[in-house]
2 protein chains.
Amino acid sequence: MLPDFLLDQATGLLQLCRDRGVMIATAESCTGGLVAATLTQIAGSSDVVDRGFVTYSNAAKRELLGVPLDMIEQEGAVSEAVVRAMAKGALARSKADVTVSISGVAGPGGGTAEKPVGLVHFAAARTGRPTLHRACRFGEVGRAEVRWKSVAEAMALIETILAE
Amino acid sequence: MLPDFLLDQATGLLQLCRDRGVMIATAESCTGGLVAATLTQIAGSSDVVDRGFVTYSNAAKRELLGVPLDMIEQEGAVSEAVVRAMAKGALARSKADVTVSISGVAGPGGGTAEKPVGLVHFAAARTGRPTLHRACRFGEVGRAEVRWKSVAEAMALIETILAE
């Protein structure tokens with residue numbers, strides 16, 4: 001079952017968006033659709049959630065969100081540059097006013113000294129505003145826990161960009 | 001937390017796809033990304049999961065998957081025609097060899113006599129094969145339960161089309 005604290009957060013976020021007349025789109029890599037799935041668990045979410053892009057492969061990041069392949073090769077899929085490009089790409093390719101993107105090393109494999117397991121980058125884009133970026137190092141807390149924490153952080157970043 | 005029985009099913013499905021050299025893409029409406037989120041909870045899923053389309057709005061179904069708006073208007077978003085078009089659209093717009101689509105009335109509102117709460121349509125498309133369709137009536141078991149049952153059914157339909 002989806003954790004209650006995330007569903008409570010989603011309920012609040014959806015109401016905030018509804019009050020502002022704002023639509024949301026998501027662009028997810030390591031969370032693989034979990035942010036969209038959490039938001040859409042709340043009845044009535046269809047008036048806020050426009051769409052979600054689960055861009056798990058690099059080809060998907062390029063084709064669905066317009067992230068340049070050379071950026072992915074140079075910066076890595078888990079990087080500030082790529083999440084910023086994902087969030088902006090989702091904004092340009094949806095009817096949403098606000099988007100959030102997530103790319104990280106969920107583990108248990110795939111970590112390096114520079115980009116350890118638990119490192120997750122986030123970005124939130126909003127029409128006519130500067131794009132926000134945040135990076136978290138959740139540590140080796142397990143793949144599921146990294147993803148749940150990422151869902152919470154993604155929703156919090158949308159709240160932040162809406163408060164500006 | 002994601003239910004263990006779904007994670008077990010996902011693990012088996014991913015291994016089946018790996019053995020066949022098959023990539024998957026998802027096209028989700030009422031499950032809102034939950035199928036993709038379940039598959040990608042399994043470590044190593046990136047060699048099987050290409051991408052996912054969370055097409056919650058009708059605009060998203062048209063723009064991301066090429067579902068004709070007049071089909072949605074005539075048949076309804078929850079219909080055999082629309083899930084078939086969603087699955088074929090995902091196949092044409094991804095690097096996947098197999099896709100699955102889901103559209104249903106998760107509830108608690110939105111049900112009608114003809115399309116009651118708990119009615120969910122599924123389709124699976126595979127390169128060079130006929131597209132499969134299945135409809136389930138899960139009943140008024142609650143929004144979360146309709147979605148979990150739909151995730152299981154979607155994975156089962158991929159297993160079916162792979163077995164043909």
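Residues numbered from 1 in each chain as written. Chains lettered and ligands numbered in written order. Predicted model: local features only at pLDDT ≥ 70, side-chain atom pairs only at ≥ 80, totals over all residues. Heavy atoms only, no water.

Draft legend 1. Spotlight on the overall build of chain A. For chain A, the helix and strand inventory stands at 6 helices and 5 strands. When the helices and strands of chain A are read in sequence order from the N terminus, they spell out α-β-α-β-α-α-α-β-β-β-α. Its C-alpha atoms give chain A a radius of gyration of 15 Å, near enough to 15 Å, the size a compact globule of 164 residues would have. In terms of principal-axis extent, the alpha carbons of chain A reach across some 45 × 30 × 25 Å. Counting across all 164 residues of chain A, residues that qualify as buried make up 60%. Pairs at least 24 residues apart make up 65% of the contacts formed inside chain A by residues separated by at least 6 positions. (Helix = DSSP H or I, 4+ residues; strand = E, 2+ residues; numbered from the N terminus. Rg over C-alpha atoms; globule rule 2.2 N^0.38 Å. Buried < 20%, exposed > 50% of the residue type's maximum accessible area, 1.4 Å probe, protein only. Contact = heavy atoms within 4.5 Å.)

Draft legend 2. Spotlight on the interface of chain B and chain A. Each partner contributes to the interface: chain B provides 34 residues, whereas chain A provides 34 residues. Of the roughly 2,800 Å² buried where chain B meets chain A, counting both sides, 55% is carbon and sulfur surface. Looking at the side of chain B facing chain A, the largest losses of area belong to Met 1, Arg 51 and Tyr 56 of chain B, adding up to 21% of the total buried there. Taken together, the connections running from chain B to chain A amount to 4 salt bridges. (Buried area = accessible area lost by both parts, 1.4 Å probe. Salt bridge = Lys/Arg side-chain N within 4 Å of Asp/Glu carboxyl O.)

Draft legend 3. Molecular detail of the environment of Glu 80 of chain B. All names here are of chain B. Of note, Glu 80 is situated in helix H5 (residues 80-92). In the structure, Glu 80 is positioned 47 residues away from Gly 33 in sequence and 20 Å away in space, judged by C-alpha atoms. Excluding anything up to four places from it in sequence, Glu 80 contacts His 121 and His 133.

Draft legend 4. Looking closely at the relation of the copies chain B and chain A. Mapping chain B onto chain A leaves a residual RMSD of 0.0 Å; the transformation is a rotation of 180° accompanied by 0.0 Å of translation along its axis. Such a turn and shift between the copies fits a two-fold axis. Here 100% of the interface residues in chain B have copies in chain A that are interface residues too; the copies meet face to matching face. (Least-squares fit on C-alpha atoms with pLDDT ≥ 70 in both.)

Draft legend 5. Spatial organisation of the nonpolar core. Counting 76 residues, the largest nonpolar core has Leu 39 of chain A together with Leu 39 of chain B as its most contacted members. Ignoring anything within four residues of it in the chain, the contact list for Leu 39 of chain B reads Ala 10, Leu 13, Leu 14, Ile 24, Thr 26, Ser 45, Val 49 and Met 155 of chain B. Formed by 20 residues, the second largest nonpolar core is a distinct cluster that contains Ala 85 of chain A together with Ile 72, Val 82 and Ala 90 of chain B. (Core = buried A, V, L, I, M, F, W, Y, C linked by side-chain atoms within 4.5 Å.)

Draft legend 6. Inspection of the side chain of Lys 115 of chain B at higher detail. Residue and element names in this part refer to chain B. Looking at the secondary structure, you find Lys 115 in the loop between strand E3 (98-104) and strand E4 (119-126). At a separation of 2.6 Å, a polar atom in the side chain of Lys 115 contacts the main-chain carbonyl oxygen of Glu 75. A distance of 2.8 Å separates a polar atom in the side chain of Lys 115 from the backbone oxygen of Val 78. Discounting residues that sit within four places of it in the chain, Lys 115 has contacts with Glu 75, Gly 76, Val 78, Ser 79, Val 105 and Gly 110. (Polar contact = N/O pair within 3.5 Å; in protein donor to acceptor, adjacent residues only side chain to side chain.)

Draft legend 7. Examining the packing of helix H1 (residues 4-20) of chain A against helix H6 (residues 143-163) of chain A more closely. Residues and elements named next belong to chain A. Here H1 crosses H6 at 20°, and the two axes come no closer than 10 Å. In terms of orientation, H1 and H6 fall into the roughly parallel class. For H1 against H6, the interelement crossing comes out left-handed. Taking contact as the criterion, the partners of Phe 5, Leu 6, Gln 9, Ala 10, Leu 13, Leu 16, Cys 17 and Arg 20 in H1 are, on H6, Trp 148, Val 151, Ala 152, Met 155, Ala 156, Ile 158, Glu 159 and Leu 162. Of the residues that constitute the contact of H1 with H6, the class distribution is 13 nonpolar, 1 polar and 2 charged. (Axes fitted to C-alpha atoms, helices over the stretch in contact; angles between N-to-C directions. Parallel < 35°, antiparallel > 145°, perpendicular 65-115°, else oblique. Left-handed = near helix turned anticlockwise from the far one by under 90°. Nonpolar A, V, L, I, M, F, W, Y, C, P; charged D, E, K, R; others polar.)

Draft legend 8. Quick look at the pairing of strand E2 (residues 49-54) of chain B. Counting buried positions along E2 of chain B yields 6 of 6 residues, so the element is predominantly enclosed. Bridge count between strand E2 (residues 49-54) of chain A and E2 of chain B: 3 bridges; the pairing is antiparallel. Its bridge partner lying in E2 of chain B, Val 54 of chain A is registered against Gly 52 of chain B. One ladder, built from 5 bridges, connects strand E1 (residues 24-28) of chain B with E2 of chain B; its direction is parallel. Residue Thr 26 of chain B lies in a different strand from E2 of chain B, and its bridge partner there is Gly 52 of chain B. (Pairing = 2+ DSSP bridges.)

Draft legend 9. Highlighting the environment of Leu 13 of chain B. All names here are of chain B. Positionally, Leu 13 belongs in helix H1 (residues 4-20). Judged by its relative accessible area of 0%, Leu 13 falls in the buried class. Along the primary structure Leu 13 and Leu 162 are separated by 149 residues, whereas in three dimensions their C-alpha atoms are 9.7 Å apart. What Leu 13 contacts, discounting residues up to four positions off in sequence, is Ile 24, Leu 39, Met 155, Ile 158, Glu 159 and Leu 162.

Draft legend 10. Quick look at the pattern of salt bridges. Taken as a whole and judged by the stated rule, the model has 16 salt bridges over all chains. Of the charged contacts in the structure, one is a salt bridge between Arg 134 of chain A and Glu 153 of chain A, with a shortest N-O distance of 2.7 Å. Of this pair, Arg 134 of chain A sits in strand E5 (residues 132-137) while Glu 153 of chain A sits in helix H6, placing them 19 residues apart in sequence. For Glu 80 of chain B, the salt bridge identified is with Arg 84 of chain B, shortest N-O distance 2.9 Å.

Draft legend 11. Geometry of the pairing of strand E4 (residues 119-126) of chain A. All names here are of chain A. Most of E4 is tucked away: 8 of the 8 residues are buried. Burial along E4 is two-sided: the residues Leu 119, His 121, Ala 123 and Ala 125 and Val 120, Phe 122, Ala 124 and Arg 126 are all buried. In this structure, strand E3 (residues 98-104) lies alongside E4, joined through 7 bridges in antiparallel fashion. Bridging from a neighbouring strand, Thr 99 pairs with Ala 125 of E4.

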